[in-house]
Amino acid sequence: MYGLLPSWFAPGLADWVMHRRTRIEKTAGTRESLIHALMMTEVGVPITLAFLCEVNPMLLAVMLGATGAHEATALWDVRTAVRSEREVTPVEQHIHSFLEALPFAGLAALMCLHPRQVRSLLRGGEGDPNAWRLVARHQRLPVGYLAGIAAAITLAVVVPYGEELRRCLREGRHTQPAEAREAHP
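Reference entry: report on the structure contained in this document. (Residues numbered from 1 in each chain as written. Predicted model: local features only at pLDDT ≥ 70, side-chain atom pairs only at ≥ 80, totals over all residues. Heavy atoms only, no water.)

Helices and strands together make up the secondary structure of the protein, namely seven helices and zero strands. Reading the secondary structure of the protein in the N-to-C direction produces α-α-α-α-α-α-α. Oriented by its inertia axes, the alpha-carbon framework of the protein measures out at about 65 × 35 × 30 Å. The buried share of the protein, reckoned over its 185 residues, is 39%. (Helix = DSSP H or I, 4+ residues; strand = E, 2+ residues; numbered from the N terminus. Buried < 20%, exposed > 50% of the residue type's maximum accessible area, 1.4 Å probe, protein only.)

Structurally, His19 can be placed in helix α1 (residues 9–21). Separated by 68 residues in sequence, His19 and Glu87 have C-alpha atoms that sit 9.2 Å apart. Those residues within four positions of His19 in sequence are excluded, and the remaining contacts are Ile24, Glu32, His36, Arg86, Glu92, His96, Tyr161 and Glu164. (Contact = heavy atoms within 4.5 Å.)

Moving on: the packing of aromatic side chains. What characterises a pair of aromatic rings is the spacing of the ring centres plus the angle enclosed by the ring planes. Within this structure, the stated rule accounts for one aromatic pair. Judged by centre distance (5.9 Å) and plane angle (85°), the rings of Phe51 and Tyr145 are edge-to-face. On the criterion of sequence distance, the pair formed by Phe51 in helix α2 (residues 29–52) and Tyr145 in helix α6 (residues 143–172) is long-range, its members being 94 residues apart. Residue classification places Phe51 among the buried positions, given a relative accessible area of 14%. (Phe/Tyr/Trp six-rings, centres within 6.5 Å; stacked < 30°, edge-to-face > 60°.)

Attention now goes to the side chain of Glu171. Along the polypeptide, Glu171 turns up in helix α6. The buried category is assigned to Glu171, whose relative accessible area is 15%. For Glu171, the contacting residues outside a window of four places in its chain are Glu25 and Lys26.

Running from N to C, α2 and helix α3 (residues 57–83) point in directions that differ by 165°, and their axes come no closer than 9 Å. With respect to each other, α2 and α3 are oriented roughly antiparallel. In this structure, α2 meets α3 at a crossing whose hand is left-handed. Residues Arg31, Glu32, Ile35, His36, Leu38, Met39, Glu42, Val43, Pro46, Leu49 and Ala50 of α2 form the contact with α3, whose participating residues are Leu59, Val62, Met63, Ala66, Ala69, His70, Thr73, Ala74, Trp76, Asp77, Thr80 and Ala81. Split by residue class, the contact of α2 with α3 holds 15 nonpolar, four polar and four charged. (Axes fitted to C-alpha atoms, helices over the stretch in contact; angles between N-to-C directions. Parallel < 35°, antiparallel > 145°, perpendicular 65-115°, else oblique. Left-handed = near helix turned anticlockwise from the far one by under 90°. Nonpolar A, V, L, I, M, F, W, Y, C, P; charged D, E, K, R; others polar.)

Listed in full, the buried residues belonging to helix α5 (residues 115–122) are Val118, Ser120 and Leu121. One face of α5 carries all of its buried residues, which in axial projection span an arc of 160°. Exposed residues pointing more than 90 degrees away from the buried face of α5 are listed as Arg116 and Leu122. The inward-facing, buried residues of α5 abut α3 and α4 (90–113). Two residues or fewer past α5, Gly124 is found with a positive phi of approximately 80°. (Arc of directions from axis to C-beta.)

Below you can see the structure in the form of structure tokens.
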């Protein structure tokens with residue numbers, strides 16, 4: 001709660017800085033920015049569910065699926081960036097390694113904290129009528145914590161990446177893709 005989750009903000013902001021520095025809006029453009037939004041959704045939905053729901057096989061299955069989807073989307077993201085005119089430096093690749101590892105780290109930490117639920121998942125939820133339902137937390141997280149995380153997500157994720165998408169959309173209206181420019185000089 002106080003270490004792993006907040007540790008996402010620094011590399012996320014650093015990645016946004018790299019995108020801005022390499023002028024994503026003029027190179028990879030809206031497609032790459034939308035892929036970033038997809039990856040944030042793939043991470044954000046399971047985190048939100050973990051804040052609101054009991055850890056059970058259903059939640060773990062959702063988190064496993066989202067982590068796999070995030071990894072696949074991360075590969076698509078890098079391929080999109082590399083195939084564009086945008087330079088992806090070794091520093092940005094290193095930042096990506098943190099952003100890719102953190103979902104696995106969060107899932108592993110949660111699984112270590114809930115070994116009985118992991119065993120239940122591996123056994124198909126045998127005997128637990130709530131195994132395959134999302135169940136509201138019995139002990140809610142402190143409102144102050146949730147408000148702080150929401151503020152941090154807004155400032156470190158929504159605002160910068162929203163700004164990136166806005167730049168890309170605005171630029172996309174005024175430029176043609178590289179293929180179109182080459183086809184019609």
